[in-house]
Amino acid sequence: VVGCYSVNDKLKFQSFVRQHEKFIIKPVGGNCGHGVQIMSLENEVASSSFFDEIISQGPFVVEELIAQGKEMASLHPQSINSVRVSTFVLGGTVQIIAAVLRIGKGTSVVDNAGSGGMYASVDTEHGIIQTGARTYTDQHYNIHPDTETQIVGFRLPQWDEALSLVRQMALKEEGSTLVAWDIAYSERGWLMVEGNAVGSWDVLQSNLQVGLKPRLFMLMDRYFDSN
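Now for a quick tour of the structure. (Residues numbered from 1 in each chain as written. Predicted model: local features only at pLDDT ≥ 70, side-chain atom pairs only at ≥ 80, totals over all residues. Heavy atoms only, no water.)

What follows is about helix H1 (residues 10–19). Within H1, the full set of buried residues consists of Phe 13, Gln 14, Phe 16 and Val 17. Seen end-on, H1 carries its buried residues on one side only, within an arc spanning 160 degrees. For H1, the exposed residues set more than 90 degrees away from the buried face come down to Leu 11, Arg 18 and Gln 19. (Buried < 20%, exposed > 50% of the residue type's maximum accessible area, 1.4 Å probe, protein only. Helix = DSSP H or I, 4+ residues; strand = E, 2+ residues; numbered from the N terminus. Arc of directions from axis to C-beta.)

Take a look at the structure:
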């Protein structure tokens, strides 16, 4: 991943493009997957003019493409189907608050519900999908409409390794307390996609129709009592 925040990052961007024939580009200030694209630039001249155009619209990041593992690709191969895991660090211990699987739909390369994707709740202990998926337009699916893969009961691969990764990330930066992590299962195992300061609490709660506010407030009370 390379962050491009000003015109001074042009050489860094061009070096990245030379190493990656195709890549993901994300606007730093974006949300819900808006503005995320898969790009391919033919040559140095194309990368130079592309950079000048995009940086004029604001900072962005470029990332290498993730080669999705076949287990997760069975849900929707066009997008990386990521898992959002919300964590709260209390006394050096990582509390897993909730997790949700995000799944792409149609020809979309992103899985965000805000860009037409769907989401389903995850049993955080066993890594099994415990609800059907729903969209922001309130469509419900037990079976994916494109791939006909069963969603309810779908078992996420190597879930123990996923939780281990999340716990390591949650403790990596001292002072980070509440973070919603997006992770993806690749051909090399679980990888971090990004961390989110807020994390769309609607997708964490709406499928099960169980509010998380009491647990979050309890954790916050314990946190402030100890600091």
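The structure having been displayed, the exposition proceeds.
Right, let's talk about the environment of Trp 181 for a bit. Of note, Trp 181 is situated in strand S11 (residues 178–186). In this structure Trp 181 comes out as buried when scored by relative accessible area, which is 9%. Measuring from C-alpha to C-alpha, the distance between Trp 181 and Val 83 comes to 7.9 Å, with 98 residues separating the pair along the chain. Among the polar contacts listed, one links the side chain of Trp 181 to the side chain of Thr 87, at a separation of 3.0 Å. (Polar contact = N/O pair within 3.5 Å; in protein donor to acceptor, adjacent residues only side chain to side chain.)

Time to look at the pairing of S11. Within S11, 8 of the 9 residues are buried, which leaves it mostly tucked inside the rest of the structure. In this sheet, S11 lies alongside strand S5 (residues 83–90) in antiparallel orientation, the contact comprising 6 bridges. Counted as the bridge partner of Val 83 is Ile 183 from S11. Relative to strand S12 (residues 189–196), S11 runs antiparallel, the two sharing 7 bridges. (Pairing = 2+ DSSP bridges.)

The full count for this structure, using the stated rule, is 11 aromatic pairs. Their ring planes at 85 degrees and their centres at 6.3 Å tell us that Phe 13 and Phe 23 sit as a pair that is edge-to-face. Taken together, the residues span a long stretch of sequence, with Phe 13 in helix H1 and Phe 23 in strand S2 (residues 23–27) at a distance of 10 residues. What makes Phe 23 buried here is its relative accessible area of 0%. Aromatic pair Tyr 119 and Tyr 136: ring centres 6.1 Å apart, planes at 70 degrees, arrangement edge-to-face. Of this pair, Tyr 119 sits in strand S7 (residues 118–123) while Tyr 136 sits in the loop between strand S9 (133–134) and strand S10 (140–141), placing them 17 residues apart in sequence. Residue Tyr 119 is classed as buried on the basis of its relative accessible area, which comes to 4%. You can call Tyr 136 partly exposed: its relative accessible area is 39%. Three or more aromatic residues joined by ring pairs make a cluster, and in this case those are Phe 13, Phe 16, Phe 23, Phe 50, Phe 51 and Phe 60. (Phe/Tyr/Trp six-rings, centres within 6.5 Å; stacked < 30°, edge-to-face > 60°.)

Okay, the sheet that holds strand S1 (residues 2–4) next. Pairing is antiparallel across the open sheet formed by 4 strands, whose spatial order is S1-S4-S2-S3. A strand with exactly one partner marks an edge of an open sheet, and here the two such strands are S1 and strand S3 (37–39). Each strand axis lies, on average, 30 degrees off the axis of its neighbour in the sheet, ignoring direction. Judged from the 3 bridges that link them, S1 and strand S4 (residues 60–64) form a sheet pairing that is antiparallel. The partner of Cys 4 across the bridge, within S4, is Phe 60. The strands that H1 touches are S1, S2 and S4; relative to S4, the one it contacts most, it runs at about 25 degrees. (Axes fitted to C-alpha atoms, helices over the stretch in contact; angles between N-to-C directions. Contact = heavy atoms within 4.5 Å.)

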